[in-house]
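Structural characterization, general
Here is how the chains run, residue by residue.
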Amino acid sequence: MSIKRDNVGDYYLYLTCEDCEPSEKLRLTGNEAGADFGSKTFLTLSDGTKIESPEFYRQSLNAVRSANKALSRKQYLSNGWFRAKRHLSRVHKDIANRRRDWFFKLALRLVRKYDRIAIETLNLEGMKRLWGRKISDIAFGEFALILQWTCAKYGKTLLKAGRWTATTKPCSDCGYHNKTLTLSDRRWTCPECGSHHDRDVNAAINILRVGVPWT
Ligand SMILES: [Zn+2]
């Protein structure tokens, strides 16, 4: 057990627990889903479900911007500057807390509905060095870890699709590789079998298909 204090002055009590057995197994539902991650639509599932990024993402950007502005108006290392800096840290921290809270709720919602959930893996080792990374990648890395933890806790299975496996371009109906697909093509029709695809749902189906248990 240890006690830590962060830069905003909040205290945390850390407890570790060796018991890794699922603590509260959920009833199996027979459902499974692949999940494609995006920055506007946070997750698109292979059954067509779309989970939008919460509104507070955008709201919080404004809060960060105004806290940054306030800091820049203070004289460097003055009392007011330290106060503004503390406020900025607080704003960042509140956002991180709300985001994490939303992630835990979303993860729980998913494990209640699905027995097996497939996601694309990011390089999680690389996630530890956050510098220069897009905030959406960092958020997804955090969500992946929370989902992994939630699956383990409730006796469900997380599957991973290697990040270099093609999941966007192959047609999920016939396997035709659509080399001409660009980022702006949200919908497309397979020239081989004629299937109409939502880009993200098609990717989510492929992710589920190639997913293997997370180790
Ligand atoms: Zn096809």
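Residues numbered from 1 in each chain as written. Predicted model: local features only at pLDDT ≥ 70, side-chain atom pairs only at ≥ 80, totals over all residues.

With that out of the way, let us pick up the sheet that holds strand β6 (residues 116–120). Pairing within the open sheet is mixed, and its six strands lie in the order β5-β4-β3-β6-β7-β10. Strand pairing shows two members of the sheet lacking a second neighbour, β5 (50–52) and β10 (212–213), which therefore form its edges. In this structure, strand β7 (residues 157–161) lies alongside β10, joined through two bridges in antiparallel fashion. Considered in β10, the bridge of K160 is made with V212. Of the strands in this sheet, β3 (32–37), β4 (41–45), β6 and β7 touch helix α5 (residues 199–210), which is tilted by about 125° from β3. (Pairing = 2+ DSSP bridges. Helix = DSSP H or I, 4+ residues; strand = E, 2+ residues; numbered from the N terminus. Contact = placed C-beta atoms within 7 Å. Axes fitted to C-alpha atoms, helices over the stretch in contact; angles between N-to-C directions.)

Between the first and last C-alpha of α5 there are 17 Å, a value that for 12 residues agrees with the 16 Å anticipated at 1.5 Å per step. Taken together, the buried positions of α5 are R199, D200, V201, N202, A203, A204, I205, N206, I207 and L208. Tucked inside the fold, the buried residues of α5 contact β3, β4, β6, β7, β8 (187–189) and β9 (196–198). (Expected span 1.5 Å × (residues − 1). Buried ≥ 20, exposed ≤ 12 C-beta atoms within 10 Å, placed from the backbone.)

Turning to the pairing of β6, a few remarks are in order. Among the five residues of β6, four are classified as buried, and the element is accordingly described as predominantly covered. Sheet topology places β3 next to β6; four bridges connect them, and they run parallel. In the sheet register, E32 faces β6, and the bridge partner there is R116. Sheet topology places β6 next to β7; five bridges connect them, and they run parallel. The partner of I119 across the bridge, within β7, is K160.

By secondary structure assignment, the location of A84 is in helix α2 (residues 79–113). For the pair formed by A84 and L71, sequence separation is 13 residues and the distance between their alpha carbons is 5.1 Å. For A84, the residues in contact, after removing those within four places along its chain, are A70, L71 and K74.

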